[in-house]
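# Structural features, examined
As a plain string of letters, each chain reads:
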Amino acid sequence: MVDFIELFNKVVRIAKPMYPDFNNVKSLDDKMTDIGIDSLDGLLVMMFFCEIYGIDPEMTKGWYPATVSEFHELIMTNKTKEPESVDEAIKAIS
């Protein structure tokens, strides 16, 4: 099973490589607003997770997770595939 927090932090770094305001997620309870992800960044992160987990991007319309836990739950509930590792997941979007 992939460490979701590690993967989330790495995906955000890919989505916004020059992002000094991003505070690494430390807990699934972290709020999206507290870690410095705005709506455009969130959309890009969502698209990467759709690619990693085989989710139809159309399905994500109306998803507005307030916490990393809510985001995780949406991804896990709707995934059609699971990466073997964080490295494999990152390769899928690089």
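Residues numbered from 1 in each chain as written. Predicted model: local features only at pLDDT ≥ 70, side-chain atom pairs only at ≥ 80, totals over all residues. Heavy atoms only, no water.

## What about a nonpolar patch on the surface?
A contiguous nonpolar surface patch, about 370 Å² in accessible area, is contributed by Leu40, Leu43, Leu44 and Met47. With respect to the secondary-structure elements, Leu40 resides in helix α2 (residues 39-53). For Leu40, a relative accessible area of 62% translates into the label exposed. (Patch = residues over 30% accessible without salt bridge, like charges linked within 9 Å, V, L, I, M, F, W, Y side chains within 5 Å. Areas by Shrake-Rupley, 256 points an atom, 1.4 Å probe, with all protein chains shown as cover. Salt bridge = Lys/Arg side-chain N within 4 Å of Asp/Glu carboxyl O. Helix = DSSP H or I, 4+ residues; strand = E, 2+ residues; numbered from the N terminus. Buried < 20%, exposed > 50% of the residue type's maximum accessible area, 1.4 Å probe, protein only.)

## Focus: the layout of surface pockets
A water-sized probe rolled over the atoms picks out the places where empty space is left. Roughly 320 Å³ of volume is contained in the largest pocket. In terms of lining, the largest pocket is formed by 14 residues, of which the most central are Ser39, Gly42, Leu43, Trp63 and Tyr64. Ranked by residues supplied to the lining of the largest pocket, first place goes to α2 with 4 residues. Counted by class, the lining of the largest pocket contains 8 nonpolar, 4 polar and 2 charged residues. (1 Å grid on protein atoms, 1.4 Å probe; cavity = no way out; pocket = protein on both sides within 12 Å on 5 of 7 lines; lining within 4 Å. Points joined across faces, edges and corners; volume = space filled by probe spheres on them. Nonpolar A, V, L, I, M, F, W, Y, C, P; charged D, E, K, R; others polar.)

## Section: the pattern of salt bridges
For the structure shown, the criterion picks out 4 salt bridges. Residue Lys10 pairs with Glu6 through a salt bridge whose shortest N-O separation is 3.5 Å. Highlighted residues: Lys10 and Glu6, both in helix α1 (residues 4-15), separated by 4 residues, approximately one helical turn. The partner of Glu58 in a salt bridge is Lys61, with the nearest N and O atoms 3.0 Å apart. Neither residue differs from the other here; Glu58 and Lys61 are each classed as exposed.

## Observations regarding helix α4 (residues 86-93)
Of all the positions in α4, only Val86, Ala89, Ile90 and Ile93 are classed as buried. Along the axis of α4, the buried positions cluster into a sector of 95 degrees, meaning they face one direction only. Turned more than 90 degrees away from the buried face of α4 sit Asp87 and Lys91, all of them exposed. At its buried positions, α4 is contacted by α1 and α2. (Arc of directions from axis to C-beta. Contact = heavy atoms within 4.5 Å.)

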